Amino acid sequence: MAGAAAGFKEKLLYVSAGHRRLFRNRSFVLLWSGQTISVFGDAFFNLAVMWVVWSETQSTLQTAIIQAIWHLPDVIFAPLAGVLADRWDRKAIMVTSNLAAAAVVGAVALLVILVGYLPPVIAFIAIFKLNSLTTFMSPARASVMPSVVGKDLLTTAQGLFSTARETASLVGSALGGLLIAAANAVWALAVDAATFLIVALCIAFAHLPGRAAPSIATNETRIRISPWSVARDLREGWRTASGVPVVWALLWLGVLINIGSFMGPLLPALVQERLGGGAGSFGLLLAAGTVGGLLGGLAAGPLERRFGAGRVLAAGWSLAGVCILGIAISIWQPVTMVLECVETASLTASMVATSGIMVTSVPEEYRGRVFGILRSLSVVLIPVSALVGGWIAEFVEIWIMFAAGGALTLALALAAWINPHVRTVRI
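Here the structure is a predicted model, which is why all the values come from computation and not from measurement.

1. Concerning the overall build of the chain
- Helix and strand counts for the chain stand at 19 helices and zero strands.
- Put simply, the chain has 427 residues, and 52% of those count as buried.
- Sequence separation of at least 24 residues holds for 87% of the intrachain contacts in the chain that already meet a minimum separation of 6.
- Accessible surface computed for the chain: about 18400 Å², of which carbon and sulfur atoms make up 72%.

Set out below in structure tokens:
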């Protein structure tokens, strides 16, 4: 008993030391703070869009369209974003993208002032543009993280990013709702635009590696962009990804797990049809998921060091699948909230472990391209899944859709356990 207690204390001290090292890292703190502020601002813009569409149309297909628009930029632009992250200065990409995002949101705010309201079509266009800019930021940020924090603290750092994201989203949603109720949407948009400017400043003051080390191409040819050079870089990225067995396996597992993304747009219908609730119940369910995301982000680093990233991924998907099946049959909101919390915690820990594997398993000069290719392919089925799932849900009971999602998650968890490259990988 004493030995076990001593071992636990030693692990706890190691975790605390890792967190202290990260928060003494000025560049990490600036990046972490920037993302937290960015998510906080985004919550004002994104607040209650899905519930409003559902409450006005009572159509699962209409809410699924939002999901499709949300992920379309990743499908279209992620490969190009990865190429640019390997060719251009990654810090400059992140600063420029945030400044452009501030301009987009500011333009939407000006339109609201001029016409007096926000047309849904404009909102959809703004979402597409903002997520397009985020698509260009993501490979650049993912590529610099191992250099900023080191491989030994990468999973802990990613977990802190995830925890901050969930916290900022929860607080931002609450404050955004109060602001919109007390004033109007223009002020919420203004807050979002201001946060993008603050994030650009945070990144500008961070000491980050710039352009990736050159591979075969010279510095001059890396800077020039043409369809042929982009195609060549994508072929190099594809060969790199396909040549690493664990990355190749995670690519296809990621593609298949995202078929289950149809469940997200169906949550409002689940709340109403299975739990007999309204917008308040929907908000509580989302809050339970946010708490789960916080817990999963905090636990990801210690779990990865104890069991390995592959086992965290497989176990997380297994537990998430069981929880989704429980959500399908639950008719009592407290039970559904607990299951949603555990499911989100499991999936968050799995996501953090997966992202760590992806960026550390390939050479530094290929990280942007590999990240972009994997990101594009992993989300390519999300718009299709959301639309098809929303259409099918018009004809079948909602619990059947969640039961199917749980069964899919468990099947892919089994595939992860069986694959030796995935099961045994450590960061």
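2. Describing the pattern of salt bridges
- One pass over the structure, following the stated rule, counts six salt bridges.
- Close ionic contact of R369 with D86 constitutes a salt bridge, the shortest N to O distance being 2.8 Å. Of this pair, R369 sits in helix 16 (residues 367–379) while D86 sits in helix 4 (residues 60–87), and the two are 283 residues apart along the sequence.
- Look at D86 and you get buried, because its relative accessible area is 0%.
- A salt bridge links R87 to D233; its shortest N-O distance comes to 2.7 Å. On the criterion of sequence distance, the pair formed by R87 in helix 4 and D233 in helix 10 (residues 227–242) is long-range, its members being 146 residues apart. Here R87 and D233 have matching classes, each one buried.
- Linked through salt bridges whose partners overlap, the residues forming this network are D86, R87, R90, R232, D233, E236 and R369.

3. Looking at the packing of aromatic side chains
- Counted under the stated rule, the structure contains eight aromatic pairs.
- On the numbers, 5.7 Å between centres and 85° between planes, the contact of F28 with F161 is edge-to-face. With F28 in helix 2 (residues 26–46) and F161 in helix 7 (residues 154–182), this residue pair connects regions lying 133 residues apart in the sequence. With respect to burial, F28 and F161 carry one shared label: buried.
- Taking 5.2 Å as the distance between ring centres and 80° as the angle between the ring planes, the aromatic pair formed by W238 and W248 counts as edge-to-face. One end of the pair, W238, is in helix 10; the other, W248, is in helix 11 (residues 245–257), with ten residues separating them in the sequence.
- For W238, a relative accessible area of 34% gives the class partly exposed.
- Classification of W248 as partly exposed rests on a relative accessible area of 29%.
- Put simply, the rings of F23, F28, W32 and F161 touch in pairs and so form one group of aromatic residues.

4. Some words on the side chain of S27
- Here S27 is to be found in helix 2.
- Here H207 takes part through its backbone oxygen, which lies 2.9 Å from a polar atom of the side chain of S27.
- Setting aside chain neighbours within four positions, we find S27 in contact with V148, A206, H207 and L208.

5. Topic: the nonpolar core
- Core analysis: the largest hydrophobic core is formed by 30 residues, its most contacted members being V246, V247, L250, L253, W317, V370 and V422.
- Looking at this core, the elements with two or more residues in it are helix 11, helix 14 (309–329), helix 15 (333–360), helix 16 and helix 18 (398–418).
- The dominant element in this core, judged by the number of residues it contributes, is helix 11, at eight residues.
- Apart from residues no more than four positions distant in its own chain, V246 is found in contact with I357, S361, H421, V422 and V425.
- Within the second largest apolar cluster, 29 residues are counted, among which are A142, V149, A157 and A200.

6. A closer look at helix 18
- Taking 1.5 Å of rise per residue, 21 residues should cover 30 Å, and helix 18 covers 31 Å from first to last C-alpha, within 8% of that figure.
- By the burial criterion, the buried members of helix 18 are I398, M401, F402, G405, G406, T409, L412, A413 and A416. In a view along the axis of helix 18, the buried residues occupy a sector of 135°, so they form one face of it. Of the residues in helix 18, the exposed ones pointing more than 90 degrees away from the buried face are L414 and I418.
- Buried residues in helix 18 make contact with helix 11, helix 12 (267–274), helix 14, helix 17 (381–392) and helix 19 (420–424).

7. Regarding the confidence of the model for the chain
- Model confidence for the chain is summarised by a mean pLDDT of 79, while 82% of its residues fall at 70 or above.
- Scored below 50 in pLDDT, residues 4–14 shows two contacts in the model against residues more than four places distant or in partner chains.
- Taken together, the stretch residues 215–223 has pLDDT below 50 and engages in 21 contacts with residues farther than four places along the chain or on a different chain.

8. Examining helix 17
- Given a rise of 1.5 Å per residue, twelve residues ought to cover 16 Å, and the 16 Å separating the end C-alpha atoms of helix 17 matches this to within 8%.
- Taken residue by residue, helix 17 has I382, P383, S385, A386, G389 and G390 as its buried positions. Considered in projection along helix 17, the buried side chains sweep an arc of 165° and stay on one side of the axis.

9. Concerning the environment of T336
- Mapped onto the secondary structure, T336 falls in helix 15.
- By relative accessible area, T336 is classed as buried at 1%.
- Spatially, the C-alpha atom of T336 lies 9.5 Å from that of V271, the residues being 65 residues apart in sequence.
- If we ignore the near neighbours within four places in the chain, the residues touching T336 are L275, L285, I327 and S330.

10. Observations regarding the packing of helix 11 against helix 18
- In the contact formed by helix 11 and helix 18, the axes pass within 10 Å of each other and the chain directions differ by 170°. As judged from the angle between their axes, helix 11 and helix 18 are roughly antiparallel. Where helix 11 abuts helix 18, its residues L253, L256 and I257 lie against L408, T409, L412, A415 and A416.
- The class makeup of the residues in the contact of helix 11 with helix 18 is seven nonpolar, one polar and no charged.

Cut-offs and rules
- Residue positions are given per chain, counted from 1 along the sequence in the order it is written.
- Local features in a predicted model are, by the rule used here, given only for residues with pLDDT of at least 70; side-chain atom pairs are given and counted only at 80 or more, and totals for whole chains, interfaces and linings are based on all residues.
- Excluding hydrogens and water, the side-chain values take into account all heavy atoms of the structure.
- Secondary structure elements follow DSSP: runs of H or I of four or more residues count as helices, runs of E of two or more count as strands, with numbering from the N terminus.
- Type-normalised accessible area, obtained with a 1.4 Å probe on protein chains alone, sets the label of each residue: buried when under 20%, exposed when over 50%, and partly exposed for intermediate values.
- Contacts: residue pairs with any heavy atoms within 4.5 Å of one another.
- Each accessible area is a Shrake-Rupley estimate made with a 1.4 Å probe; only the visible protein chains count as cover when residues are assessed.
- We count a salt bridge whenever a side-chain nitrogen from Lys or Arg sits within 4 Å of a carboxyl oxygen from Asp or Glu.
- Put simply, two rings from Phe, Tyr or Trp (the six-membered ring, in Trp's case) pair if the centres are within 6.5 Å, and we call them stacked under 30 degrees between planes, edge-to-face over 60, tilted for the rest.
- As used in this structure description, the phrase polar contact means that two N or O atoms lie within 3.5 Å; if the pair is within protein, one of them must be able to donate a hydrogen and the other to accept it, and residues adjacent in sequence are counted only when both atoms belong to side chains.
- What we call a nonpolar core is a set of buried Ala, Val, Leu, Ile, Met, Phe, Trp, Tyr and Cys residues that are connected through their side-chain atoms within 4.5 Å.
- In this scheme, a helix's expected span is set at 1.5 Å multiplied by one less than its residue total.
- Summarising the geometry, the arc corresponds to the directions from the helix axis toward the C-beta atoms.
- What pLDDT expresses is the predictor's confidence in each residue, scored from 0 to 100.
- Fitted lines through C-alpha atoms serve as axes, helices being fitted only where they are in contact, and the angles separating the N-to-C directions of these axes extend from 0 to 180 degrees.
- Angles are sorted into four bins: roughly parallel if under 35 degrees, roughly antiparallel if over 145, roughly perpendicular if 65 to 115, and oblique for all others.
- Only Asp, Glu, Lys and Arg are considered charged in this grouping, and only Ala, Val, Leu, Ile, Met, Phe, Trp, Tyr, Cys and Pro are considered nonpolar; every other residue, Gly among them, is considered polar.

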